[in-house]
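Here's the letter readout for the chains.
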Amino acid sequence: MSTTALAIGQVREPGGGLRDELAAIAVVWHRELLRFARNRLRMVTSLVQPLLFLFILGSGLSSMLPSSGHVNFKTFMFPGIIAMTVFFTALSSALSIVWDREFGFMREMLVAPVHRGSIVLGKCAGGATVATLQGIVILALAGVVNVPYSGGLLLTLVGEMVLMAISLTALGLLLASRMTQVESFMAVMNFVMLPMFFLSGAIFPPKGLPAWLSVVTKFDPLTYAVDPVRRAVFAHVQGAASVKQALSAGVRWGHWTLPISVELAVIAAIGVVMLALAMQQFGRTE
Amino acid sequence: MTVTGLHEPVRTDSGGEPEPVVSVASLSKRFGDVEAVRGVSFRVAPGEAFAFLGPNGAGKSTTISILCTLLRPTSGQAAVAGFDVLEDPLGVRRHIGLVFQDPTLDDYLTAEENLRFHAQLYRVPASQIARRLDEVLEMVELTERRHSLVRTFSGGMKRRLEIARGLMHSPQVLFLDEPTVGLDPQTRAHIWSYINELRVREHITMFLTTHYMDEAENCERLAIIDHGEIVATGTPETLKQAVGKDRIELHVDDPAEAIDELRDEFGIEARLSEGFVAFHVTGAEEFAPRLLTELRTPTRSIRIARPTLDDVFMAYTGRTIRDAEASASERMHSRSMARARMRR
């Protein structure tokens, strides 16, 4: 028995506890990236939808609108499309947890000597990385819609994308945490995705909405993701101040217009809560 | 049958019997109204190859899932490698390997990537991963396919890769849940030669479930499980000797009449099994000529067999494993329920 124990000790990295969990998060994250890198089709198709919205819907709508003081409608939509790309990718990357469960790989992870929370964190890190990368591809098109490639702006936007990617992946993981079939997750995803997208102000300013609906937009997490991106972009584009003010009015709670820092804090808080709930849901053992 | 008397304290001294590597006492698991495991108790010694033999739905997979900390027992105790499954599940998981009944590989990764994922999850030191990869791939003869995506593998190759993966972190106990179910006989024989070889090479304890008699014969000790209860434990030899009697199967025109006649004239309780009238006697060779002379029911053929594990199963449960499989179909419902829970 003692010889066996010795042999076991030799084939295990010392440490344990937190280091085991960090290693688990890293390896789950790495697998998500491997799988994403291998799936070129998914990489391309998930960019098609945002591009359609931006260039077809965007062009169509801007031709209907009066030219509003140099601010192109596509410029207005651009932040929304960045948020959309991150949001759609983040949500659908949570699909992998349902996929793993349906096709068995989940049990390989569940029986490993790590906490289930670490698997959720690794999945979240993986999904958020993929979502941010996809967002960066869209961001690269900034010049096409008259958004300048300024270092400060790009850095701000990437930072905001990382934050929203984490929170929105966490939301997806929470939705996925108890699901056993890919098909049912797809149904839930479709049910959640478009309403959240339309109410977020991504493609039109929410102030045109009826009062009750504009209340609903305040409960849409995506609202707090779109607005900071738009405010950062509008701070860097040319145009009449009144027009910019009309198109990027900010989110208001009553009479208080939220500062960007509060919006980012809201997104972070949503992320923490979603992640905690997902870990708790996922951690249950029969 | 050495496995009763489980309530005595576990020995910790190095002398005498070694401390069991798996020890289970009065373990039960209930899913709603269905009692899948009903108070089973057994021990497995270090280095032993131990099997659970029983029909589908007997509670084998449920017990394995509890030992691997994927399910929580309703009552009773279980310890693996010295760690309690409820108190220290991570301790248990660090010291076990598990080969599942259903595939649990990532089809979109290569064989090597699947193994690396596992090694890193189990914290095999980076300096040893490469050597260990070579070893286990070689053992299951998948070295040439190490860079192929798993989705291109056949069923047998996948199972071999799963066995290799279960060994990556040099576990103390390897659990194999129906390791060869659904594979062709040649592949099954292959997999068994790997299992036996690595048991010698890696000095690990094997705990497996099976409903194949020949597979159970490969093991040093087995527990026969039926309806969630262990009905007998021992080596294949001692179990067969305990049954003692030879098995006679008659092919007759009118089985019901033959069964009546055997009971009334010979005092033998026979049963209908797979179309044959089957019963057990001692000294079948001497009994057969007298039987054929005196039996009035026309007999087409007679078959005499030395005791097999199937007879052992029949002696303890009153049916053959295959009969039990057939009648277990209604219990499959509870089994799929158990599996759906496990996936969470």
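Definitions and limits used
- Residues numbered from 1 in each chain as written.
- Chains lettered and ligands numbered in written order.
- Predicted model: local features only at pLDDT ≥ 70, side-chain atom pairs only at ≥ 80, totals over all residues.
- Contact = placed C-beta atoms within 7 Å.
- Helix = DSSP H or I, 4+ residues; strand = E, 2+ residues; numbered from the N terminus.
- Nonpolar A, V, L, I, M, F, W, Y, C, P; charged D, E, K, R; others polar.
- Domains from an automatic or database assignment.
- Buried ≥ 20, exposed ≤ 12 C-beta atoms within 10 Å, placed from the backbone.
- Pairing = 2+ DSSP bridges.
- pLDDT = per-residue confidence, 0-100.
- Core = buried A, V, L, I, M, F, W, Y, C linked by C-beta atoms within 7 Å.
- Expected span 1.5 Å × (residues − 1).
- Axes fitted to C-alpha atoms, helices over the stretch in contact; angles between N-to-C directions.
- Parallel < 35°, antiparallel > 145°, perpendicular 65-115°, else oblique.
- Left-handed = near helix turned anticlockwise from the far one by under 90°.

Asker: Can you help me understand the interface of chain B and chain A in this one?
Answerer: One frequently used descriptor of interface size is the decrease in accessible area upon assembly of the parts. Counting residues at the interface gives 37 residues for chain B, matched by 30 residues for chain A. Among the elements that line the side of chain B that touches chain A, the one with the most residues is helix α3 (residues 111–121) of chain B, at four residues. When its residues are assigned to classes, the side of chain B that touches chain A shows 18 nonpolar, eight polar and 11 charged.

Asker: How should I be thinking about the domain arrangement of chain B in this particular structure?
Answerer: Residues and elements named next belong to chain B. Taken domain by domain, chain B holds domain 1 (22–239) and domain 2 (241–331). Using C-alpha coordinates to define each centre, domain 1 is positioned 35 Å away from domain 2. In this assembly, 17 residues from domain 1 lie in contact with 15 residues from domain 2. If you list the elements that add at least two residues to the side of domain 1 that touches domain 2, you get α7 (213–217), β9 (221–226), β10 (229–234) and α8 (236–243). Looking at the side of domain 1 that touches domain 2 residue by residue, the class counts come to nine nonpolar, five polar and three charged.

Asker: Would you mind going over the environment of Asp-323 of chain B with me for this structure?
Answerer: Here Asp-323 of chain B lies in helix α12 (residues 321–327). Sequence-wise, Asp-323 of chain B and Pro-55 of chain B are 268 residues apart; in three dimensions their C-alpha atoms are separated by 8.9 Å.

Asker: Would you mind showing me how to read unusual backbone geometry here?
Answerer: The phi angle of most residues is negative, glycine excepted, and most peptide bonds adopt the trans form. All names here are of chain B. Non-glycine residue Ala-81 carries a positive phi angle of around 55°. One can find Ala-81 in the loop between β4 (75–80) and β5 (83–84). According to the C-beta neighbour criterion, Ala-81 is buried, with 23 such atoms within 10 Å. Notably, Glu-274 is not glycine yet its phi reads approximately 55°, a positive angle.

Asker: Even after reading the chapter, I still don't get the pairing of strand β1 (residues 22–31) of chain B, so can you show me in this structure?
Answerer: Working note: regular strand, side chains alternate between the two faces of the sheet. All names here are of chain B. Pairing geometry for β1 and β4, over five bridges, is antiparallel. Following the sheet pairing, Val-24 is matched in β4 by Ala-78. Counted along the chain from β1 to the antiparallel partner strand β2 (residues 34–44), the turn is two residues long, and its residue Gly-32 has a positive phi close to 60°.

Asker: Please clarify how the confidence of the model for chain B should be interpreted in this entry.
Answerer: Reading predicted coordinates in detail is not appropriate for stretches of low pLDDT. Residue and element names in this part refer to chain B. In this model, chain B carries an average pLDDT of 84, and 90% of its residues clear a pLDDT of 70 or more. Within the model, the stretch residues 1–14 combines pLDDT values under 50 with 16 contacts to residues more than four positions away or in other chains. Across the interface, the model reports ipTM at 0.85; the global pTM reads 0.80.

Asker: Can you help me understand the nonpolar core in this one?
Answerer: Side chains of nonpolar character tend, in soluble globular proteins, to be buried together. Counting residues in each nonpolar core, the largest one holds 155 residues, and the members touching the most others are Ile-82, Ala-83, Val-86 and Phe-87 of chain A together with Val-80, Val-173 and Phe-175 of chain B. Shared between two domains, this core takes at least three residues from each, and those domains are domain 1 (22–239) and domain 2 (241–331) of chain B. Contacts of Phe-87 of chain A, omitting those with residues within four sequence positions, involve Leu-168, Phe-197 and Leu-222 of chain A. In terms of nonpolar packing, the next biggest core, distinct from the first, is built from 10 residues, Ile-248, Leu-250, Ala-258 and Ala-278 of chain B among them.

Asker: Honestly, helix α9 (residues 182–199) of chain A in this entry has me stumped. Any pointers?
Answerer: In an α-helix there are 3.6 residues to a turn, and that puts residues three or four apart on one side. Residues and elements named next belong to chain A. Under the 1.5 Å per step criterion, the end-to-end length of α9 is 26 Å for 18 residues, consistent within 8% with the ideal 26 Å. Restricting attention to buried positions, one finds in α9 the residues Phe-185, Met-196 and Phe-197. Buried residues in α9 make contact with α4 (73–93), α5 (95–102), α8 (151–176) and α11 (221–234). Once α9 finishes, Gly-201 follows within two positions and takes phi at roughly 80°, a positive value.

Asker: I keep staring at the sheet that holds strand β6 (residues 96–99) of chain B and nothing clicks. Help me out?
Answerer: What links the strands of a sheet is backbone hydrogen bonding, and the strands pair in either a parallel or an antiparallel sense. Residues and elements named next belong to chain B. With mixed pairing, six strands are arranged side by side in an open sheet as β6-β7-β8-β3-β9-β10. Looking along the sheet, the strands with just one partner apiece sit at the ends: β6 and β10. Each adjacent strand pair in this sheet contributes to an overall mean axis angle of 15°, direction not counted. In this structure, strand β3 (residues 49–53) lies alongside β9, joined through four bridges in parallel fashion. For Phe-52, the partnering residue across the bridge sits in β9 and is Ala-223.

Asker: It is not clear to me how the packing of α8 of chain A against helix α13 (residues 260–282) of chain A should be interpreted in this structure. Could you clarify?
Answerer: Between two packed helices, both the angle of their axes relative to each other and the distance between the axes serve to describe the pair. All names here are of chain A. Direction vectors running N to C along α8 and α13 enclose 30°, while the axes themselves pass 8 Å from each other. The angle between α8 and α13 places the two elements in the roughly parallel class. Handedness of the α8/α13 crossing: left-handed. Two secondary-structure elements touch here, α8 through Leu-163, Met-164, Ile-166, Ser-167, Ala-170, Leu-171, Leu-173 and Leu-174 and α13 through Leu-264, Ile-267, Ala-268, Ile-270, Gly-271, Met-274, Leu-275, Leu-277, Ala-278 and Gln-281. When grouped by side-chain class, the residues that make up the contact of α8 with α13 number 15 nonpolar, three polar and no charged.

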